[in-house]
Structure formats: structure tokens, C-alpha cells
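Residues per chain, in single letters:
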Amino acid sequence: MKILVCISHVPDTTSKINFTDDNTQFDTNGVQFVINPNDEFGLTRAMWFKEKQNASVDVVTVGGAEVEPTLRKALAIGADQAIRVDTPAVDGYAVAKELADVVKNGGYDLVIAGRESIDYNGGMVPGMVAAMTGSSFVNTCISLEIDGDTATATREIDGGKETVKASLPLVIGGQKGLVEESDLRIPNMRGIMMARKKPLDVKASVGASTETSTVSFEKPAPKGEVTLVDADNLDKLIDLLHNEAKAI
Amino acid sequence: MSVLVYTESENGAFKKTAYEVASYAKGIADMLGTDVAAISFNATDAGELGTYGVSKLHNVKESKLDKFNAGAYADAISQAAKAEDAKVIVISSSADSKYLGSLLSVHLDAGYVSNVVALPSSADPFTVKRSVFTNKAFSNTQISTDRKLVGLSKNAYGLKENPTDCTVADFAPSLNGDDFKVEVQSVDKATDKVTIADAEIVVSAGRGMKGPENWGMIEELADVLGAATACSKPVSDMGWRPHGEHVGQTGKPVASNLYIAIGISGAIQHLAGINSSKVKVVINTDPEAPFFKAADYGVVGDAFEVVPALIEKLKAFKAANA
């Protein structure tokens, strides 16, 4: 089985978000970039398929040379080879087009992507890749088993979960639950050394067009002061929630 | 030409989010000088869609589509969009709608923007405001394609009445085997509990509860308020509560009217997940907990004393205001 894990290069979850150039660009100054957490769960699940079912695992990112440390980390975790599509990731549709081209040319049976990246939160790339490559698609996937060319997956739905069967080739949008948080892997020294020797292929862009563009960014309005209520006066809290906030 | 909205239903009845996306679609239709058409699957009647500005409901009657199926739903909605020559298609941000949104976008060659929080600031060029960086910021995003697909965030627009006569017509899309490549085997859904996605009020608790055995009072408080229960990331990581209750940057986002956080200190990743909630209440022993800076109302106190007292006070309040 040939697996492709799509990795998004995103600001660390603790990052403060700021903008430059008259609020038109994300300010990367001082920001640590990491593998998108939803993709990290997928990468770890892919490692399980590699170790238990002899799968090969490639990773891919769309972006400039600045994303390579993130790809190297995925190699250090155990991916066999990495692909960087050499173009800025400016729009979900364009990213999906680039990835779909990699999928079609690579003959992958299973594509694992995070259900959304934690920067732009569009949640559109995995489904678009599936639609563009004619693959089955399961979103918000929290468990995945593969037997031959059939997948059994569980996905999170509002208020519960649903188990589905799908044939390969398959694209999943994965998330926490695909593996446990405690099973996530941290690259060890041997992995880091080996990652340096693994292939990182830089592929030219297919020149996908975009469908959307950011005109400007805004930050939420500053928050007012908290109103503290004495723990012995909870009637006051109920009164505030009922009469002032109209929330109960 | 009309604006097409996908109105979600369950067991034939429309969900509340269906009325919110209908209200929003009517807002766009007014900007464009056109009407709103809706598509739904196995709805038993038009419900209150007319109240919220829908003029026509395309109702797909097909028993194979009783259960949500992203592939088939996306194909059917795209056929309805083409039949209506809809230039704008509106869906919600439910798990199901997000699932089908990307498929629909490719079917229709429609630029897709999800997590939208307001009416377009401009119809031409079509520009909408959406939340990004898990609610830490907004992006004003332009869609350049002829057809546009907009995913509305929950509770971002609210319900707006625009009474309109709504006609209902059966709609029979042409579906094929490819639409059913993913087959539902079983659904495990707690039907008697309010879900985080649908809840107006969410009661959430963290490590301050000291162990899963202490969640009884959290559930009781939620029960009194008709709320859903949720939790912080460490709590779900330790297995005290299911993953589906984890609220935050890598968990579920919450856009409820009221969010009550008990024994949660307020890590930046958790706050990002609840930024869209309107009113936030924090109960915590530590007056320096960062959550107090993000809250509207706060109680500094021990959850094991405050929560039981609050339950009793709320019961009395509910009885007096019944």
C-alpha cells in the first residue's frame, strides 16, 4: 500500500497572531512553525500502516523552501520520502490542485490529510483532492483500518460517530482520535540523522489558478474587563446572565 | 437566477441551523436583487422556511438519502444549483456541511469560503469576512469564480424573519454509483443529549475537577441549563471525557450563546476554540487564571462549592421563571 500524507506547515498553537503590510500579510516574525496537529495524527497513523502492513509513506507540502524543516521533521518521524511542491500555498483550491497532481502521478492508494489546518481553517483541501482524483472521501476521521482494497473508517459527526466502509483509493480528513495523543512521535536523534539522507524531492508547480484571495486581515475587538461575582452571591450571577447578558 | 441554500433536516424536520442559513441567504439575495431557493433531503414539509425568506424548496425524496451521504448530497445540490442557475450557494458549518462543501465546490467550479461570519461587505467583487487562525483573527476574502460557495459559521448571523410564500417541489437528481462509494455501516449518536454543535449553552470543565468521577455535577448543571457538556484538552487526553467533547484549537470550536468554563485555566489553544461564544463565564479557584481576561463574568471559588450552589440557585430561578 502506498500512502501519501499531506502536511501543512503552520504556526505553533501558542503563537500570537499579528499582521504586517497594512494588515494584508501574516507576520511570521518570531513565530515557530510546526506540522499541523491534525496532520500529525495522520502521519502517526501512517507509520502504523508502515510498520504493521508494510506500507510506504511519502509526505508532501506545498510551499517555498521555508517549509523544508517541517518536511524533515516528518522524515525524522519515519516517512520514507518527502515532496515539496515549489509554490506558495495561497488558496485551498490551488493547494488541492497541486496535491491532486502529486496523487495522480504517484499512484497512491491512501491519502491522509488533516481535516483542516490550524491557520486558515478552511477544511477544504482533503475533499477537493478526493473530488479532483475521483477517490472516495471520509472526513473528520477518528479511526481507520485497511484490509486489501477496503477501508473501514469511523468519523466524528455532530453528537456522535459513524462507521463507514469505502474502497481504495481513499482520501481521509483526519483528526485527533486517529491515534491517541500519547502515541504521537517525537523525532529521536537516529531519526533526525536518517532524515538528512532521505530524499526530499522539489517538484515544479502545475501552475494552479486560485479561486479566493485575502484582501485584508482583522483582529477581534479588544475584550472589556471581567465582572467578578462573589462566590457567596450567585444570585447576582444569575441576575447578570438573565437581565444583562440575556443568556439564560 | 437565485441564491441556493442547503437546509439540513433530521427525520424530516429542519434543524435550527437551516433557518439561520436561510436567513443569511435571504440577506445575500436582497443584496443581489433575487430570491432564495432551498434544497433539502426527505423533508416532510416546508416547515418555517418561508418565514425566513425561502421562496422555493427543492425537496429530494429518495430513501437512499435518508442518512447523510456527502458524495450523493454534493452531487444532488450541485444539480439543483445548476437548475436554479444559482450564482451563490450557502451551506452551514456543521460537520456534515463541511464534509460536503469541498466536494460541492469542485462539482460546481465554485470558489468556497468556510467559517463566514457576516454578510458580504461587497457583492462585486464578492467579499466575505471569515474567521481564521481558530478565531484569533478574521480574513476579508474575495471569491473570484462565477459561482460562489459560502459556509456560514453557527450563530454568526442569527435568525431574521422575512415572511415569504414558499412553494415545495420534488427534485429528482440523477445519481450514480460513484456517489455512493462511501457506505454508512452504523451510526452511534446520543439522541437524548444536546450536542456541542447545536447547543445554545455549553458547560465545560477542566483539570480542576480532579477526576472523571466528579463530572456528575457538571452534567447536572448542564441538565438544568439544557446545555451540552464539554472539556479541555488535558481532560480528554487523560481519558476522563471522550475526544468529541474536547473544545479548543485541535478540538471542537464552540459558538454558543453562553459558555461556562469550570476549573479551566484558559490556555491560548482553548481560548481560540471558544472565541466565537457570545457570553463567557469562568469559575476558578485561581484569580490569576488567564481565562478571567477572556471572560465576561467570573467567580473566584472552589468548583466543588460553587457548582452545587449554582445548580440549586438555577433550579430555583427556573422554577420561578417557568
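What counts and how
In this numbering scheme, every chain counts its residues from 1 along its sequence in written order. Following the order in which they are written, the chains are lettered starting with A and the ligands numbered starting with 1. Per-residue local features are limited, in this predicted model, to residues with pLDDT of at least 70; the limit for side-chain atom pairs, both in listing and counting, is 80 or more; totals at the level of whole chains, interfaces and linings are taken over all residues. Side-chain descriptors were evaluated using all non-hydrogen atoms of the structure, hydrogens and water having been removed beforehand. In this description a helix means any DSSP run of H or I spanning at least four residues, a strand means any run of E spanning at least two, and both kinds are numbered starting from the N terminus. As a reference, a globule follows 2.2 Å times the number of residues to the power 0.38, and the radius of gyration itself is taken over C-alpha atoms. Note on definitions: a residue-residue contact is assigned when non-hydrogen atoms from the two residues lie within 4.5 Å. Exposure was quantified through the Shrake-Rupley algorithm and a 1.4 Å probe, taking into account, for residues, occlusion by the shown protein chains and nothing else. This count recognises Lys and Arg as positive and Asp and Glu as negative, with His and chain-terminal groups excluded. Working definition for charges: the position is that of NZ of Lys, CZ of Arg, CG of Asp or CD of Glu. As used here, buried area is the combined drop in accessible area, with a 1.4 Å probe, of two parts when they are placed together. When a carboxyl oxygen of Asp or Glu lies within 4 Å of a side-chain nitrogen of Lys or Arg, that pair is called a salt bridge. Polarity classes work like this: nonpolar for Ala, Val, Leu, Ile, Met, Phe, Trp, Tyr, Cys and Pro, charged for Asp, Glu, Lys and Arg, and polar for all others, with Gly in that last group. Paired strands are those between which DSSP finds at least two bridges. We call a residue buried when its accessible area falls under 20% of the maximum for its residue type, exposed when it is over 50%, and partly exposed in between, using a 1.4 Å probe and counting protein chains only.

K.L.:
Got a minute to help me understand the overall build of chain B in this structure?
P.N.:
Counting its secondary structure elements, chain B contains eight helices and 18 strands. Taking 2.2 N^0.38 as the reference for a compact globule, 322 residues should give roughly 20 Å; the C-alpha atoms of chain B span a radius of gyration of 21 Å, in line with that estimate. The principal-axis extents of the C-alpha atoms in chain B amount to approximately 60 × 40 × 40 Å. In chain B, the share of contacts with a sequence separation of at least 24, taken over all contacts with a separation of at least 6, comes to 65%. Approximately 12,000 Å² of chain B is accessible, and the part contributed by carbon and sulfur atoms is 48%. The centroid of the 31 positive side-chain charges in chain B is displaced by 5 Å from the centroid of its 38 negative side-chain charges.

K.L.:
Sorry, what's going on with the interface of chain B and chain A here?
P.N.:
Often, the extent of an interface is quoted as the loss of accessible area on bringing the components together. Taken together, the 79 residues of chain B in the interface contact 74 residues of chain A. Counting each side, the surface lost to burial between chain B and chain A is near 6,700 Å², with a carbon and sulfur contribution of 57%. Its largest share of buried area at the contact with chain A, chain B owes to Y99, F133 and Y297 of chain B, together 12% of the area lost on that side. Counting the contacts that link chain B with chain A gives seven salt bridges. The closest approach of N and O atoms between D235 of chain A and K313 of chain B, which form a salt bridge, is 3.2 Å. Grouping the amino acids of the side of chain B that touches chain A by side-chain chemistry returns 35 nonpolar, 28 polar and 16 charged. Pairing between strand β11 (residues 160-167) of chain A and strand β13 (residues 182-189) of chain B: seven bridges, direction antiparallel. Bridging from a neighbouring strand, A166 of chain A pairs with V182 of chain B of β13 of chain B.

K.L.:
How should the pairing of strand β9 (residues 136-147) of chain A be read in this particular structure?
P.N.:
Each regular strand displays side chains that alternate between the two surfaces of the sheet. Residues and elements named next belong to chain A. Counting buried positions along β9 gives nine out of 12 residues, so the element sits mostly inside the fold. Two strands pair when backbone bridges link them, and β9 and strand β12 (residues 170-174) are joined in this way by four bridges, in the parallel orientation. Across the sheet, residue F137 finds its bridge partner in β12, namely V171. With six bridges joining them, β9 and strand β10 (residues 150-157) adopt antiparallel strand pairing. By the bridge assignment for β10, S143 is matched with T154. The hairpin turn running from β9 into β10, its antiparallel successor, is two residues long, and G148 in that turn takes a positive phi close to 65°.

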